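For reference, the chains in residue letters:
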Number of protein chains: 2
Amino acid sequence: MIEIKNIGEYLKVNKIMPSVQRVKIFEYLYTKRNHPTVESIHKELIDEIPTLSKTTVYNTLKQFVEKGIIQIINIEDNETRYDADTSTHGHFKCIKCGIVYDFLFDNSDIKINGLDNFDIHQTHLYIKGICKNCKN
Amino acid sequence: MIEIKNIGEYLKVNKIMPSVQRVKIFEYLYTKRNHPTVESIHKELIDEIPTLSKTTVYNTLKQFVEKGIIQIINIEDNETRYDADTSTHGHFKCIKCGIVYDFLFDNSDIKINGLDNFDIHQTHLYIKGICKNCKN
DNA sequence: TGTTACTTTGCAATCATTACAAAGATGAAA
DNA sequence: TTTCATCTTTGTAATGATTGCAAAGTAACA
Ligand SMILES: [Mn+2]
Ligand SMILES: [Mn+2]
Ligand SMILES: [Zn+2]
Ligand SMILES: [Zn+2]
């Protein structure tokens, strides 16, 4: 994942005006790296920014996705998660504790059968199971 | 994907009472293989079964998932799709026409880095891009 | 200060999904 | 055939996530 020294600058470079709310939301995604939902981002930041609207969280995340600085992670159908790491990597969700872990894999290892002449834009790989800490 | 001659029998074997609605819903998933949403299943069957409730579609699909005869496909965050093919295979969604294609891949090719001592239950791979027919 | 453009907020609307209780169907026992 | 128990479906209301939109707020600048 890329190194970012100044989040305000990073947003500007990506054509996003760095308002207080946007900087805090990106900072949360970037530093925690815990694949949060809208709900958990809002819950976490409401203390620092008591006026923060949930609509703003939605608006901001949508803009970040459009500008390509975060990605959406769909594992469960009832929770959309977000990730400031847009590099190709996989996700493991533990069905016991609910934590979403990152893992690495080599895209070029996967031999795809049946998509000749298809243009591939994004590859998503996720796994469900039991994490090391939840076994016994 | 497995061969099924009699859907009613197949449901019974899997401890599901084969009501008219359940047989029709499974038949739709099994024969069309188009990864439909609840909405499209309901829309398609309402002519044949004019009293069919959307609740019944939800109930039935949830039961099928619990019994393991269908699987959920999460590609977009706003549409849950269902698949009667529960074997390990990948999905390609065309961002132009919206069609979800199946493709094959070999699970054992993927070398995963960072999940030592994790128990893997399910592996999901999906790709987004432009399908052959939409490239002109 | 006044103007403009952009951002955030709050609330209402929409859409997907679930909960629940009433009504309907099935099938075996009497 | 009637009765009874059980399972299934239906309709509606409730919930929860997400979006639309207009009003209020902010920042830069002439
Ligand atoms: Mn990640
Ligand atoms: Mn499939
Ligand atoms: Zn765990
Ligand atoms: Zn297409």
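In case you missed it, the structure is sitting above this.
The structure presented is a predicted model; accordingly, all values stated were derived computationally and were not measured.

Peer 1: Is there a simple way to think about the pattern of salt bridges in this case?
Peer 2: Side chains that differ in sign of charge can pair as their charged atoms come close. The final tally for this structure, using the stated rule, is 22 salt bridges over all chains. Of the charged contacts in the structure, one is a salt bridge between A:Glu27 and A:Lys24, with a shortest N-O distance of 3.6 Å. You can see A:Glu27 and its partner A:Lys24 sitting in helix H2 (residues 20–32), 3 residues apart, about one turn around the helix. The closest approach of N and O atoms between B:Lys93 and B:Glu76, which form a salt bridge, is 3.7 Å. Of the two residues, B:Lys93 sits in strand S3 (residues 90–94) while B:Glu76 sits in the loop between strand S1 (71–74) and strand S2 (80–83), which places them 17 residues apart along the sequence. By relative accessible area, which is 8% here, B:Lys93 ends up buried. What makes B:Glu76 buried here is its relative accessible area of 19%.

Peer 1: Is there a simple way to think about the side chain of B:Gln71 in this case?
Peer 2: Residue and element names in this part refer to chain B. Within the element layout of this structure, Gln-71 appears in strand S1. Looking at Gln-71, its side chain comes within polar contact range of the main-chain oxygen of Asp-85, at 2.9 Å. When neighbours within four sequence positions are excluded, Gln-71 is seen to be in contact with Arg-81, Tyr-82, Asp-83, Asp-85, Thr-86, Ser-87, His-89, His-91 and His-124.

Peer 1: Which parts of the structure should I look at to understand the coordination of the manganese ion (ligand 2)?
Peer 2: Around a metal, the perfect tetrahedron of four donors has angles of 109.5 degrees, and the perfect octahedron of six donors has angles of 90 or 180 degrees. All names here are of chain B. Within the first shell, the manganese ion (ligand 2) binds the protein through His-35 (NE2), Asp-83 (OD), His-89 (NE2), His-91 (NE2) and Asp-102 (OD), at distances of 2.0 to 2.3 Å. In the primary structure, the donors to the manganese ion (ligand 2) are separated according to the pattern H-x47-D-x5-H-x1-H-x10-D. Placement of His-35 in the loop between helix H2 (20–32) and helix H3 (38–45) and of His-89 in the loop between S2 and S3 is noted, with a sequence separation of 54 residues between them. An identical accessibility class is assigned to His-35 and His-89; each is buried.

Peer 1: Explain the sheet that holds strand S5 (residues 119–130) of chain B to me, please; I cannot follow it from the model alone.
Peer 2: Neighbouring strands of a sheet are bound in pairs by backbone hydrogen bonds; such pairs are parallel or else antiparallel. The sheet built from 6 strands is open, its strands ordered S4(A)-S3(A)-S5(A)-S5(B)-S3(B)-S4(B) with mixed pairing. A strand with exactly one partner marks an edge of an open sheet, and here the two such strands are strand S4 (100–103) of chain A together with strand S4 (100–103) of chain B. Looking at each pair of strands side by side, their axes are set apart by 25 degrees on average, direction ignored. The pairing of strand S3 (residues 90–94) of chain A with S4(A) spans 4 bridges and is classified as antiparallel. Pairing of A:His91 across the sheet is with A:Asp102, part of S4(A).

Peer 1: Teacher, can you tell me more about the interface of chain B and chain A here?
Peer 2: Much of the literature gives interface size as the accessible area that the parts lose upon coming together. Listed by partner, the interface residues are 36 residues for chain B and 36 residues for chain A. Taking both partners together, chain B and chain A bury about 3500 Å²; carbon and sulfur atoms supply 60% of that area. On the surface where chain B and chain A come into contact, there are 4 salt bridges. In this structure, A:Asp109 and B:Lys111 form a salt bridge, with 3.5 Å as the shortest nitrogen-oxygen distance. Between chain B and chain A we count 16 residue pairs in polar contact (both at pLDDT 80 or more) in total.

Peer 1: Which parts of the structure should I look at to understand the protein's contact with DNA strand C?
Peer 2: A:Ser19, A:Arg22, A:Thr51, A:Thr56 and B:Tyr58 are the nearest of the 13 residues found near DNA strand C. Protein-adjacent atoms of DNA strand C, using a 4 Å cutoff, are sugar or phosphate at a proportion of 78%. Side-chain polar atom of A:Arg22 to a phosphate oxygen of DNA strand C: 2.7 Å apart, as the coordinates give it. A distance of 2.6 Å separates a phosphate oxygen of DNA strand C from a polar atom in the side chain of A:Thr56. At the level of secondary structure, the elements contributing two or more residues to the surface near DNA strand C comprise H2 and helix H4 (54–67) of chain A together with helix H4 (54–67) of chain B. With 3 residues, the single largest contributor to the surface near DNA strand C is H4(A).

What counts and how
- Residues numbered from 1 in each chain as written.
- Chains lettered and ligands numbered in written order.
- Predicted model: local features only at pLDDT ≥ 70, side-chain atom pairs only at ≥ 80, totals over all residues.
- Heavy atoms only, no water.
- Salt bridge = Lys/Arg side-chain N within 4 Å of Asp/Glu carboxyl O.
- Helix = DSSP H or I, 4+ residues; strand = E, 2+ residues; numbered from the N terminus.
- Buried < 20%, exposed > 50% of the residue type's maximum accessible area, 1.4 Å probe, protein only.
- Polar contact = N/O pair within 3.5 Å; in protein donor to acceptor, adjacent residues only side chain to side chain.
- Contact = heavy atoms within 4.5 Å.
- Donors = N, O, S within 2.8 Å, 3.2 Å for Na, K, Ca; no water.
- Pairing = 2+ DSSP bridges.
- Axes fitted to C-alpha atoms, helices over the stretch in contact; angles between N-to-C directions.
- Buried area = accessible area lost by both parts, 1.4 Å probe.
- Near = heavy atom within 4 Å.

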